[in-house]
Amino acid sequence: MTAKSFYFASNDAMFKRIFGDRHNTRHLVSLLRAILDLPPEDYAEVSIDNPFLAREHPGDKLGILDIKVRTPTGKVIDIEIQLCNHGAIRERVVFYLARMVTGQVGASDGYWKIKRSICIFILDFNLVPEGAIFHNQYSLRDHAGAQFTDLMEVVTLELPKLPGKPDGTALWDWMRFVGARDKEVLEMLAEKNPEVKEAVDKLQDLNADKQARLEAESREKLRRDIAHYKLDAMNQGLAEGRAKGLTEGLAKGQAEGRAEGRAEGKAEGKAEGWTEASHTIARNALRRNMPAEEVMALTGLSKEEIQSLMH
């Protein structure tokens, strides 16, 4: 990153500084009002909680939330921002929700103590391909829509599905702010929404703060490293898959070749068996999407022979 790089609100270090500020929750409350339909008392005095989810046993998996919020009525809200789909997002939501619920009840507490838990996931990718809207809410309901309980709720906000034009809601303004990649967009939002303008000003100040920029740069580097490691793992898995396929193909082909050679009892039978073995190897490799040039090098078959096996 150059010294002139500008870090937007989608950078999770910036996101947490803007919406996770314990001393100034105005931006957080405005965002929550836009996303959730809660009673006014829930927004009166929200607090930022310890983001570490309680573990029931020493060996339990550790969960760390981006921003954990508690309302005056006891509701627990988790706000997450995710730029890349690293997989198992839905499972992660379930894990977080389960811990948010069980973390409210001690060994001597009654179940009545459990308050509503809400997970909000802001995503820079499409998680729900079957849906066209960007804002989805999920709770426990039956097939007819009757609600079993409101104690567990999931909200997904998929930025790629956000309409290109304003729809007149504060939610659109806030999601456009979070997903902005252009300073002109920030200026437009600041002109039309006073609450978002305060967040834009905060973002500008953070970009002028050395410590905030170091945190943001660290998060960007980590995101790039994860993407790099994921690509490396995928390539390694592909290579291992190819090698395994070729090994299996070679073993099968050699066995077929030996059987055919013994059956005919002739030298030319053995030669034909090896040719068939090469074809078997090639077919297995091609089925695993190995490039034709690599198959030619491994089997000794000609380009024409490889092409004939593709059909």
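Just above sits the structure.
Values in this document were obtained by computation on a predicted structure and should not be read as measured data. (Residues numbered from 1 in each chain as written. Predicted model: local features only at pLDDT ≥ 70, side-chain atom pairs only at ≥ 80, totals over all residues. Heavy atoms only, no water.)

Burial of helix 1 (residues 12-19) is extensive: 6 of the 8 residues sit out of reach of the surface. For helix 1, the complete set of buried residues consists of Asp 12, Ala 13, Met 14, Phe 15, Ile 18 and Phe 19. The N-cap of helix 1, judged by a side-chain oxygen 2.9 Å from the amide nitrogen of Ala 13 a few residues on, is Asn 11. (Buried < 20%, exposed > 50% of the residue type's maximum accessible area, 1.4 Å probe, protein only. Helix = DSSP H or I, 4+ residues; strand = E, 2+ residues; numbered from the N terminus. Polar contact = N/O pair within 3.5 Å; in protein donor to acceptor, adjacent residues only side chain to side chain.)

Turning next to the sheet that holds strand 5 (residues 135-141). Ordered by their spatial adjacency, 6 strands build an open sheet running 1-2-3-4-6-5, and the pairing between neighbours is mixed. Each of the sheet's edge strands pairs with one partner strand only, and the pair in question is strand 1 (47-48) and strand 5. (Pairing = 2+ DSSP bridges.)

Core analysis: the biggest nonpolar cluster contains 51 residues, and Leu 36, Ile 79, Ile 120, Met 175 and Phe 177 have the highest contact counts within it. Among the nonpolar cores identified, the runner-up in size contains 14 residues, and Val 93, Cys 119, Phe 121 and Val 128 belong to it. (Core = buried A, V, L, I, M, F, W, Y, C linked by side-chain atoms within 4.5 Å.)

Turning to the pattern of salt bridges, a few remarks are in order. In the structure shown here, the tally under the stated rule is 14 salt bridges. A salt bridge links Arg 219 to Asp 12, with the shortest nitrogen-to-oxygen separation between them at 2.8 Å. Of this pair, Arg 219 sits in helix 7 (residues 210-264) while Asp 12 sits in helix 1, placing them 207 residues apart in sequence. On the basis of relative accessible area, Asp 12 is assigned to the buried category, the value being 14%. Notably, a salt bridge pairs Glu 80 with Arg 92, separated by 3.5 Å at the nearest N-O pair. (Salt bridge = Lys/Arg side-chain N within 4 Å of Asp/Glu carboxyl O.)

Once that is clear, we can look at the layout of surface pockets. Volume-wise, the second largest pocket comes out at about 300 Å³. Lining of the second largest pocket is provided by 16 residues; of these, Arg 90, Val 93, Val 94, Tyr 138 and Val 154 occupy positions nearest its centre. Those elements that provide at least two residues to the lining of the second largest pocket are helix 3 (89-102), strand 5 and strand 6 (147-158). With 5 residues, the single largest contributor to the lining of the second largest pocket is helix 3. Within the lining of the second largest pocket, the residues separate by chemical class into 11 nonpolar, 2 polar and 3 charged. (1 Å grid on protein atoms, 1.4 Å probe; cavity = no way out; pocket = protein on both sides within 12 Å on 5 of 7 lines; lining within 4 Å. Points joined across faces, edges and corners; volume = space filled by probe spheres on them. Nonpolar A, V, L, I, M, F, W, Y, C, P; charged D, E, K, R; others polar.)

Sheet topology note: the strand 4 (residues 117-123)/strand 6 ladder contains 7 bridges and is parallel. Opposite Ser 117, over in strand 6, you have Met 152 as the bridge partner. In this sheet, strand 6 lies alongside strand 5 in antiparallel orientation, the contact comprising 7 bridges. Bridging across to strand 6, Gln 137 finds its partner in Val 155.

Here strand 1 pairs with strand 2 (residues 67-70) via 2 bridges, running antiparallel. Bridged to Ile 48 within strand 2 is Val 69. Pairing analysis gives 4 bridges linking strand 2 to strand 3 (residues 76-82), with the strands arranged antiparallel. Directly across from Arg 70, in strand 3, lies its bridge partner Val 76. The loop that links strand 2 with its antiparallel partner strand 3 comprises 5 residues; one of these, Gly 74, has a positive phi angle of about 100 degrees.

What follows is about the packing of helix 2 (residues 26-35) against helix 4 (residues 170-179). The packing of two helices is summarised by the inter-axis angle and the distance between the axes. In contact at an axis separation of 8 Å, helix 2 and helix 4 are set at 125 degrees when each is read in the N-to-C sense. With respect to each other, helix 2 and helix 4 are oriented oblique. Crossing of helix 2 over helix 4 shows left-handed handedness. Contacts between helix 2 and helix 4 involve His 27, Ser 30, Leu 31, Ala 34 and Ile 35 on the former and, on the latter, Ala 170, Leu 171, Trp 174 and Met 175. Looking at the contact of helix 2 with helix 4 residue by residue, the class counts come to 7 nonpolar, 2 polar and no charged. (Axes fitted to C-alpha atoms, helices over the stretch in contact; angles between N-to-C directions. Parallel < 35°, antiparallel > 145°, perpendicular 65-115°, else oblique. Left-handed = near helix turned anticlockwise from the far one by under 90°. Contact = heavy atoms within 4.5 Å.)

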